[in-house]
Amino acid sequence: MRKIVSKLKFLLFVLILTSCQNNQKSNEINIYSQRHYAVDELQYENFTKETGIKVNVTKANADELIQRMKIEGSSSPADLFITVDVGKLWQAGDMDLLQKIKDETITAGIDSEFLDPNNYWIPLTYRSRVVVFSKERVDVNDLSTYEDLASEKWKNRLLIRSSSNSYNQALMSSLIANLGSDVAEDWSTKIVSNLAREPKGNDRDQVKAIASGQGDIAVVNSYYIGLLLSSEKEEELKAGNSVGVFFPNQAENQRGAHINVSGIALTKNAPNRENAIKLISFLTSKSAQQTYVNNTYEYSVNSSVEPNEIVKNWGDFKKDKLDLNMLGVKRNEAIRIFDKTGWK
Ligand code: FE
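These numbers were taken from a predicted model, which means no experiment stands behind them.

Digging into the overall build of the chain
For the chain, the count of helices and strands is 15 helices and ten strands. With respect to the principal axes defined by its C-alpha atoms, the chain has extents near 95 × 40 × 35 Å. Long-range pairs, those at least 24 residues apart, make up 79% of the contacts in the chain with a sequence separation of at least 6. As displayed, the chain offers around 16100 Å² of accessible surface, 49% of which is attributable to carbon and sulfur atoms. Here the chain contributes 43 positive and 44 negative side-chain charges, whose respective centroids are spaced 7 Å apart.

What follows is the structure, given as structure tokens:
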């Protein structure tokens, strides 16, 4: 009898312990994130203060995180997947790693042009991949389109990072979707022959290379110029000030500048689904959108949230209206073209 009582006590203890753990579990969320900006920690801290929900973040590149979710399957702890490239969100959805989100309280505050027609992801911010040019050595009137970067006049003057980078893969995907593979391939060949040096470094490094005279124009994400211009490091400020920002393809008959979305998606199994939805709701709220634009110099997906002053100075621009999912759909073709044309 005594043995039975002690066994029962033990069982009760285990039950209490697991229910405590369950409670604890329900007050957390786990994010797999490709974003690499300091403002994100601030957003999560503010969210925890408001809701009491603890946020755990695993950072890696999107391909690694997708692989991890695939291997972990239904036992994955991830509730949310965040990327800086909508192509990777499309890919995760295509691989059946996500569940759809249909929540009008979230989407009501977001401009419809940024929403996923398939409801697999929610946009957090957007950015344009712009051309920056040396204020000293380039006449802005010589700039026009992405296509024109293939022109002879930019021979040995163009700077751009490696083709393994998802920002470049998204840009190439947009060219394929808009102009077709043959035109995109020809463009890529000519871009490679115009390079001032072999692709190396990140977007900021391309701007620094203009400042030091290694090249005259570069293709970079818009917010990096904001980050350089607001930097406390003299070298970065100097680099930011050495260039002008140009939005390509703006003429009336042209499609507009390429944009990409940094977005968030709910994973297929999301153990803490309710809390995850609360975070999405928080990050797309007006106040969190304001925090993004003022710290990362990205654009808000809510048009009532104005860009930071530095970004406003570059003026409004026409955006390429391509279905954003095309940036994922055309990805393998983009990589094939990069490889074939020797873009390292
Ligand atoms: Fe970035």
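Having put the structure on the table, let's press on.
Points about the pairing of strand β9 (residues 259–267)
In terms of burial, β9 is largely enclosed, as nine of its nine residues are buried. Alignment of strand β3 (residues 80–83) against β9, held across four bridges, turns out to be antiparallel. Counted as the bridge partner of L80 is L266 from β9. Looking at chain direction, strand β4 (residues 98–99) and β9 are connected through two bridges and run antiparallel. Looking at β9, one finds that L98 is bridged to T267. Note that strand β5 (residues 122–134) and β9 share six bridges and pair antiparallel.

Details of unusual backbone geometry
Its identity as a non-glycine residue notwithstanding, N156 has a phi of 60 degrees, on the positive side. Of the residues examined, N156 reaches a relative accessible area of 53% and is grouped as exposed. Look at N249: it is not a glycine, yet its phi comes out positive at around 55 degrees. Its place among the elements puts N249 in the loop between β8 (243–246) and β9.

Observations regarding the environment of N168
Along the chain, N168 falls in helix α6 (residues 166–179). Separated by 167 residues in sequence, N168 and I335 have C-alpha atoms that sit 9.7 Å apart. With sequence-adjacent residues up to four places away left out, N168 is seen in contact with R129, I160, R161, S162, S163, F338 and W343. Here S162 takes part through its backbone oxygen, which lies 3.1 Å from a polar atom of the side chain of N168.

Thoughts on the side chain of S163
Mapped onto the secondary structure, S163 falls in the loop between β6 (158–159) and α6. Residue S163 is classed as buried on the basis of its relative accessible area, which comes to 8%. If we skip the residues at most four places from it in the chain, S163 touches N168, Q169, F338, W343 and K344.

Here's the deal with the packing of helix α8 (residues 203–211) against helix α9 (residues 222–229)
Between α8 and α9, whose axes approach to 9 Å, the crossing angle comes to 65 degrees. Here α8 runs over α9; the crossing is right-handed. Residues D203, R204 and V207 of α8 form the contact with α9, whose participating residues are Y224, I225, L227 and L228. Considered class by class, the residues forming the contact of α8 with α9 number five nonpolar, no polar and two charged.

Quick look at the environment of M69
Along the chain, the position of M69 falls in helix α3 (residues 62–72). Taking the relative accessible area as the measure of exposure, M69 reaches 4% and is therefore buried. Along the primary structure M69 and A92 are separated by 23 residues, whereas in three dimensions their C-alpha atoms are 9.1 Å apart. In contact with M69, other than residues within four places in its own chain, are Y32, S76, F81, L97 and T267.

Considering the coordination of the iron ion
At this site the iron ion is bound by H36 (NE2), Y37 (OH), Y167 (OH), Y223 (OH) and Y224 (OH), with donor distances of 2.0 to 2.7 Å. Read in sequence order, the donor residues for the iron ion give the motif H-Y-x129-Y-x55-Y-Y. Taken together, the residues Y37 in the loop between β1 (28–33) and α2 (39–51) and Y224 in helix α9 connect sequence positions 187 residues apart.

Observations regarding the side chain of E185
Inspection of the secondary structure puts E185 in helix α7 (residues 181–194). According to the relative accessible area criterion, E185 is buried, its value standing at 19%. In this structure, E185 is in contact with R336, I337, K340 and T341, ignoring residues within four places of it in sequence.

Concerning the packing of aromatic side chains
Summed over all chains, the structure comprises nine aromatic pairs. Where Y126 meets Y299, the ring centres are 5.0 Å apart and the plane angle is 15 degrees; that geometry is what we call stacked. Of this pair, Y126 sits in strand β5 while Y299 sits in strand β10 (residues 299–300), and the two are 173 residues apart along the sequence. Of the two residues, Y126 and Y299, neither departs from the other in class, the shared state being buried. Measuring from ring centre to ring centre gives 6.2 Å for W187 and W343, while their planes differ by 40 degrees; the resulting arrangement is tilted. Here the residue W187 occupies a position in helix α7, and W343 occupies one in the segment after α15 (331–340), the gap between them amounting to 156 residues. The same class applies to W187 as to W343, namely buried. Three or more aromatic residues link up through ring pairs in this structure, and these residues are F114, Y126, F247, Y299 and F317.

Cut-offs applied
Residues numbered from 1 in each chain as written. Predicted model: local features only at pLDDT ≥ 70, side-chain atom pairs only at ≥ 80, totals over all residues. Heavy atoms only, no water. Helix = DSSP H or I, 4+ residues; strand = E, 2+ residues; numbered from the N terminus. Contact = heavy atoms within 4.5 Å. Areas by Shrake-Rupley, 256 points an atom, 1.4 Å probe, with all protein chains shown as cover. Lys, Arg positive; Asp, Glu negative; His and termini not counted. Charge placed at Lys NZ, Arg CZ, Asp CG, Glu CD. Buried < 20%, exposed > 50% of the residue type's maximum accessible area, 1.4 Å probe, protein only. Pairing = 2+ DSSP bridges. Polar contact = N/O pair within 3.5 Å; in protein donor to acceptor, adjacent residues only side chain to side chain. Axes fitted to C-alpha atoms, helices over the stretch in contact; angles between N-to-C directions. Left-handed = near helix turned anticlockwise from the far one by under 90°. Nonpolar A, V, L, I, M, F, W, Y, C, P; charged D, E, K, R; others polar. Donors = N, O, S within 2.8 Å, 3.2 Å for Na, K, Ca; no water. Phe/Tyr/Trp six-rings, centres within 6.5 Å; stacked < 30°, edge-to-face > 60°.

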